[in-house]
Amino acid sequence: MSDIGSEEFDEEQGSLGEYEGDRNEAGERHGLGKAVLPNGDTYQGAYENGKRCGQGTYKFKKGARYIGEWYMNLKHGQGIFYYPDGSKYEGSWVDDQRQGHGVYIYPNGDTYDGEWLHHQRHGQGTYTHHETGSQYMGTWVMGKMESTGELIHPNHRYQGNFVNNNDKGEADEDETLITTSLKWKPKAVTGLSV
């Protein structure tokens, strides 16, 4: 799911909307303030030289909300993004994208806890299916299970190397179930021990 929520307004090209708060000597938003943007979105938090910078809350008119750190009008640092569909991402942001470690909770209760790069699962991470309890723990490359990993089901597990899982859900993040068509060579198939 995209975290845009509504059209981002280019504050450099027109009306900045309504603003209450601190300003610097140049008249720019600086310090703490609250803004209602022309598109209906709102922001309350810290500004630096006219840009969102520091801690703040941005509410999109379409129902999304971001609470966290900003730098130069971009989500940057630690933050939580609440999506209109009920999903949530909590973790690291770099230049307006999920990047670094974070936890994404999907609308159906599935979770991904791991590393992100450019809004995609990338690096080490664990995807847990809420309904079945099944998990994939291992390496992700641009949103797909790749390389060494372990697929754990309630009554058995697979260890091996995964190659391009054809993850149906990555084509559109609104899809919440991972359907897999795996090509892998198991290192071992073992029963689960208690």
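Since the model is a prediction, treat every value here as computed from it, not as a measurement.

(A) Expanded view of the side chain of T128. Position of T128 among the secondary structure elements: in strand 10 (residues 120–128). At 3.0 Å, the side chain of T128 forms a polar contact with the side chain of Q135. The contacts of T128, once residues within four sequence positions are left out, are D110, T111, S134 and Q135.

(B) Structural detail: the packing of aromatic side chains. As enumerated under the stated definition, the model contains 22 aromatic pairs in all. An angle of 35° between the planes, with centres 5.7 Å apart, marks the rings of Y83 and Y104 as tilted. Residue Y83 is located in the loop between strand 6 (74–82) and strand 7 (88–94), and its partner Y104 is located in strand 8 (residues 97–105); the two are separated by 21 residues in the primary sequence. In terms of burial, Y83 and Y104 fall into one category: buried. Relative to W140, the ring of Y136 has its centre 5.2 Å away and its plane inclined at 85°; by these criteria the two rings are edge-to-face. What makes Y136 buried here is its relative accessible area of 2%. When the ring centre of Y82 is taken as origin, the NZ or CZ atom of R65, which lies over that ring, is 4.4 Å away. One Lys or Arg, K75, reaches over the ring of Y66 and ends 5.8 Å from the middle of that ring.

(C) Layout of the confidence of the model for the chain. Counting all residues, the mean pLDDT for the chain is 83, and 77% of those residues have values of 70 or more. In this model, residues 166–184 is a region of pLDDT below 50 whose contacts with residues beyond four sequence positions or in other chains number 49 contacts.

(D) Representation of unusual backbone geometry. We note that M72 has phi near 55°; this positive angle belongs to a residue other than glycine. Here M72 shows up in the loop between strand 5 (65–71) and strand 6. A relative accessible area of 45% places M72 in the partly exposed class. Located in the positive-phi region is S147, a residue other than glycine, with phi close to 75°. Examined against the element boundaries, S147 turns out to sit in strand 12 (residues 144–152). In this structure S147 comes out as partly exposed when scored by relative accessible area, which is 35%.

(E) Layout of the pairing of strand 3 (residues 42–48). Taken together, the six bridges between strand 2 (residues 29–36) and strand 3 define a ladder with antiparallel strand orientation. If you follow G31 over to strand 3, its bridge partner there is Y47. The loop that links strand 2 with its antiparallel partner strand 3 comprises five residues; one of these, G40, has a positive phi angle of about 100°. Examined bridge by bridge, strand 3 and strand 4 (residues 51–59) share six bridges and lie antiparallel to one another. Note on strand 4: the bridge partner recorded for Y43 is Y58. In this antiparallel pair of consecutive strands, strand 3 and strand 4, the connection spans two residues, and N49 shows a positive phi of 50°.

(F) Up close: the pairing of strand 11 (residues 135–141). Sheet topology places strand 10 next to strand 11; six bridges connect them, and they run antiparallel. Its bridge partner being in strand 11, Y127 is matched across the sheet by Y136. What sits between strand 10 and strand 11 in their antiparallel hairpin is a turn of six residues, with G133 showing a positive phi close to 80°. Relative to strand 12, strand 11 runs antiparallel, the two sharing six bridges.

Each value, and the rule that gives it
- Residues numbered from 1 in each chain as written.
- Predicted model: local features only at pLDDT ≥ 70, side-chain atom pairs only at ≥ 80, totals over all residues.
- Heavy atoms only, no water.
- Helix = DSSP H or I, 4+ residues; strand = E, 2+ residues; numbered from the N terminus.
- Polar contact = N/O pair within 3.5 Å; in protein donor to acceptor, adjacent residues only side chain to side chain.
- Contact = heavy atoms within 4.5 Å.
- Phe/Tyr/Trp six-rings, centres within 6.5 Å; stacked < 30°, edge-to-face > 60°.
- Buried < 20%, exposed > 50% of the residue type's maximum accessible area, 1.4 Å probe, protein only.
- Lys NZ or Arg CZ within 6 Å of the ring centre and 35° of its normal.
- pLDDT = per-residue confidence, 0-100.
- Pairing = 2+ DSSP bridges.

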